[in-house]
Amino acid sequence: MSTPSKHQSGMDRRKFLKAGSLTLGAALVPNLLDTPTSDAAIPSNALYIPPVLSGKNFNLKLQKSTKQIASGALTKTYSYNGVGFWGPTLFMKKGDDISLNVTNNLSEQTTTHWHGIHLPAEMDGGPMQVIEVGKTWKPKFKMMNNAATYWYHPHMHKTTQKQLALGAGGFIIVQDSVEAVLALPRTYGVDDIPLALGSRSLSATNQISPTTIYGDTLLTNGVANAQVSLPAQFVRLRLLNIESERVFNIGLSDGRTFHVIATDGGLVQKPIPVKRLIMVPGERYEILVDLTGNAVGSTLSLRAFNKGLAFGYGGAEPATSGEFGSLLNNTEFDLLKIQVIKATSSAITKLPTTLAASTFPTKAEVTNSRTIAINDQGAGTPFTFDSKSYDMSVINQRVKLGATEAWTITNDQIFGHAFHIHDVQFKIISRSSGPIPAHENGWKDTFSIQRNERVTFLAKFADFSSSTWAYMYHCHMANHEDGGLMGQFLVV
Ligand code: C2O
Ligand code: CU
């Protein structure tokens, strides 16, 4: 590969070519790089910022939609409230009593799950809370979570991957009194930008293939080749991986350091400097990028540095086609092109020194420990937890209300996974692969577990119990989840 920018131009071109009209394969890249291109020839598309809904009462309708994703035919999608791809961003305040009306206007069953939110299992929107076609589900709960970035998405058993791939999902931004007094960027769409990152596979007629594992077209908030103008100040990016399986190794194109300010479930104690951030499907990080030293008119990109990722990280497979192939696999590609514009009048120009204090559960408080193994039944069989495929009629774990538990997840498989649990935010206390990365030192609900790794976390199961409604734990790689890598637990 020659220069990064030339490489990138080649990548962008490929995304807009119809898969059917060319031979996919390694030979493609040099061919395109040999073809003279100018930036003008490559369509860049303005980043879509989802509309905002705020308050205590929310109306969501999941419906069939369309979106102009590539030139030519419209892409058929699913979206909440007809936004095209994805859904409105819900701003909720900690302490508020929230009620929602969620209407299913699809022609198939669905559910809507509040990922990362601590609430009664009956309100969770897992596979047990099916919304029939044409019906409205009305969950109610008190928002107890810390300020951070959460999300909602379908969780219908066996069709989660499809419904998510077609675009159904949305952000939840929780605000609280701790976050509100910090000098952080929080002008939504200006210096505070939500980014749902996921590749999708488009057919020759621009239709999304809902079961393709790795797409060839990277979509950022549903936009291919997305670009945004950001002011020359500290900007806050709320990153979410909405891939089926692909992991992102995120960085800035010029290699600069940026700072993690929040993990899945809350602000960290103080900004954590990083140059790279591995994100598995379902994971969120809020980061601050310092653009104060950038000249107006300068450009950089948020990029996935996936070239050279070890086998086992989703998307590290070198194949460019086939079941586990993609033009984006094991390569570098842009997630968002940034052009720098004049600072705003209320610019944040300094990195905050401290953020939020948290009291995490400790080993001394642990009242019960359990180990859950990711395994399978032999080569080519679906992944399972403890050799059992998900069965809605089976309760896999029972947790006592008020317990503080240590969960150890083991993975003796050939592939990495994205472990996620409902109801709680937890603290990772050990990784058999080595030290816990500094940026995982916060509230988490989803994490990467790689080949031959054991990960232990501590969680307190407080407030909500039920003898009938279960919470889920599963791999957040949607095809693994649909394939049965999911279990359920009661808090009793
Ligand atoms: Cu993001 Cu069980 O879900
Ligand atoms: Cu998995």
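What counts, and where the lines are drawn
- Residues numbered from 1 in each chain as written.
- Chains lettered and ligands numbered in written order.
- Predicted model: local features only at pLDDT ≥ 70, side-chain atom pairs only at ≥ 80, totals over all residues.
- Heavy atoms only, no water.
- Donors = N, O, S within 2.8 Å, 3.2 Å for Na, K, Ca; no water.
- Helix = DSSP H or I, 4+ residues; strand = E, 2+ residues; numbered from the N terminus.
- Buried < 20%, exposed > 50% of the residue type's maximum accessible area, 1.4 Å probe, protein only.
- Pairing = 2+ DSSP bridges.
- Domains from an automatic or database assignment.
- Contact = heavy atoms within 4.5 Å.
- Buried area = accessible area lost by both parts, 1.4 Å probe.
- Salt bridge = Lys/Arg side-chain N within 4 Å of Asp/Glu carboxyl O.
- Nonpolar A, V, L, I, M, F, W, Y, C, P; charged D, E, K, R; others polar.
- Axes fitted to C-alpha atoms, helices over the stretch in contact; angles between N-to-C directions.
- 1 Å grid on protein atoms, 1.4 Å probe; cavity = no way out; pocket = protein on both sides within 12 Å on 5 of 7 lines; lining within 4 Å.
- Points joined across faces, edges and corners; volume = space filled by probe spheres on them.
- Phe/Tyr/Trp six-rings, centres within 6.5 Å; stacked < 30°, edge-to-face > 60°.
- Lys NZ or Arg CZ within 6 Å of the ring centre and 35° of its normal.
- Polar contact = N/O pair within 3.5 Å; in protein donor to acceptor, adjacent residues only side chain to side chain.
- Core = buried A, V, L, I, M, F, W, Y, C linked by side-chain atoms within 4.5 Å.

(A) Highlighting the coordination of the copper ion (ligand 2). All of the protein donors around the copper ion (ligand 2) are His417 (ND1), Cys475 (SG) and His480 (ND1); their distances to the metal are 2.0 to 2.1 Å. Each donor residue of the copper ion (ligand 2) lies on the same chain, and together they follow the pattern H-x57-C-x4-H. In this pair, His417 is assigned in strand E28 (residues 417-421) and His480 in helix H5 (residues 478-482), connecting sequence segments 63 residues apart. Neither residue differs from the other here; His417 and His480 are each classed as buried.

(B) Expanded view of the sheet that holds strand E18 (residues 258-263). One open sheet holds the seven strands; their spatial order is E14-E13-E12-E16-E21-E18-E19, and the pairing between them is mixed. The sheet is open, and its two edges are formed by strand E14 (223-224) and strand E19 (266-274), each paired on a single side. By the bridge criterion, four bridges tie strand E12 (residues 192-200) to strand E13 (residues 217-220) in an arrangement that is antiparallel. Each residue of the ladder has a partner; that of Gly198, found in E13, is Leu219.

(C) Quick look at the domain arrangement of the protein chain. Partitioning the protein chain into structural domains gives domain 1 (39-179), domain 2 (192-341) and domain 3 (363-491). Counting residues at the interface gives 27 residues for domain 1, matched by 25 residues for domain 3. Approximately 2,200 Å² of surface area, both sides summed, lies buried where domain 1 meets domain 3, with 61% of it carried by carbon and sulfur atoms. Considering only the surface of domain 1 that becomes buried against domain 3, His118, Met128 and His157 emerge as the three largest contributors, covering 28% of it. Joining domain 1 to domain 3, the criterion identifies zero salt bridges. Every element with two or more residues in the side of domain 1 that touches domain 3 is listed here: strand E7 (113-115), strand E10 (148-153) and helix H3 (160-165). Its residues assigned to classes, the side of domain 1 that touches domain 3 comprises eleven nonpolar, 13 polar and three charged.

(D) Quick look at the pairing of strand E32 (residues 471-475). Most of E32 is tucked away, with five of its five residues classed as buried. Burial along E32 is two-sided: Tyr471, Tyr473 and Cys475 and Met472 and His474, pointing in opposite directions, are all buried. Where E28 lies against E32, three bridges are found, and the strand directions are antiparallel. Opposite His420, over in E32, you have His474 as the bridge partner.

(E) Structural context of the sheet that holds strand E26 (residues 397-399). With mixed pairing, the five strands of this open sheet are ordered in space as E26-E33-E32-E28-E30. Every interior strand has two partners, whereas the edge strands, E26 and strand E30 (446-449), have only one. Sheet twist, expressed as the mean angle between neighbouring strand axes with direction ignored, is 25°.

(F) Broad picture of empty space enclosed by the protein. In the structure shown here, the tally under the stated rule is four cavities of 30 Å³ or more. In this structure, the second largest cavity occupies an estimated 50 Å³ of space. Every residue lining the second largest cavity is listed: Ala165, Ser199, Arg200, Ser201, Ser209, Pro210, Thr212, Ile213, Tyr214, Gly215, Glu243 and Ser244. Residues of the lining of the second largest cavity, tallied by class, amount to four nonpolar, six polar and two charged.

(G) Quick peek at the packing of aromatic side chains. Evaluated as defined, the whole model comprises 25 aromatic pairs. Ring geometry for Trp86 and Trp151: centres 6.0 Å apart, planes at 25°, overall stacked. Separated by 65 residues along the polypeptide, Trp86 in the loop between strand E4 (75-80) and strand E5 (89-93) and Trp151 in strand E10 bring together distant segments of the chain. Like Trp151, Trp86 is buried. For the pair Trp114 and Phe141, a centre-to-centre distance of 6.3 Å together with 45° between the ring planes defines the contact as tilted. With Trp114 in strand E7 and Phe141 in strand E9 (residues 140-142), this pair connects stretches of sequence that are 27 residues apart. The pair formed by Trp114 and Phe141 is uniform in burial state, with each residue classed as buried. Here a set of aromatic residues connected by ring pairs shows up, and it is made of Phe385, Trp407, Phe419, Phe426, Phe447, Phe457, Phe461, Tyr471, Tyr473 and Phe489. Between the NZ or CZ atom of Lys427 and the centre of the ring of Phe360, over which it lies, the distance is 5.1 Å.

(H) Structural context of unusual backbone geometry. The phi dihedral of Lys158 falls on the positive side, at around 80°, and the residue is not glycine. Relative to the helices and strands, Lys158 resides in the loop between E10 and H3.

(I) Quick look at the environment of Pro50. Among the structural elements, Pro50 can be located in the loop between strand E1 (45-46) and strand E2 (52-54). Separated by 40 residues in sequence, Pro50 and Leu90 have C-alpha atoms that sit 9.6 Å apart. With residues up to four places along the chain from it excluded, the contact list for Pro50 reads Trp86, Gly87, Pro88, Thr89, Tyr188, Pro194 and Asn221.

(J) Highlighting the side chain of His476. By secondary structure assignment, the location of His476 is in the loop between E32 and H5. The class for His476 is buried, based on a relative accessible area of 3%. Among the polar contacts listed, one links the side chain of His476 to the side chain of His115, at a separation of 3.2 Å. Discounting residues that sit within four places of it in the chain, His476 has contacts with His115, Trp151, His153, Ser244, Pro281, Gly282, Ala418, His420 and Thr446.

(K) How the structure looks around the environment of His480. Judged by its relative accessible area of 9%, His480 falls in the buried class. Taking the C-alpha atoms as reference, His480 lies 8.7 Å from Thr384; in sequence the two are 96 residues apart. Beyond its immediate stretch of four places on either side in the chain, His480 contacts Glu245, Phe383, Phe415, Gly416, His417, Cys475 and Leu485. Of the polar contacts made by the side chain of His480, one reaches the side chain of Glu245; its length is 3.1 Å.

(L) Structural view of the nonpolar core. Core analysis: the biggest nonpolar cluster contains 46 residues, and Leu239, Leu277, Ile287 and Leu302 have the highest contact counts within it. Contact partners of Leu302, with chain neighbours within four places excluded, come to Leu195, Leu237, Leu239, Ile250, Gly251, Leu252, Ile287, Asp334, Leu335, Leu336 and Ile338. Core analysis: the second largest hydrophobic core is formed by 42 residues, Leu62, Tyr80, Leu166 and Ile208 among them.

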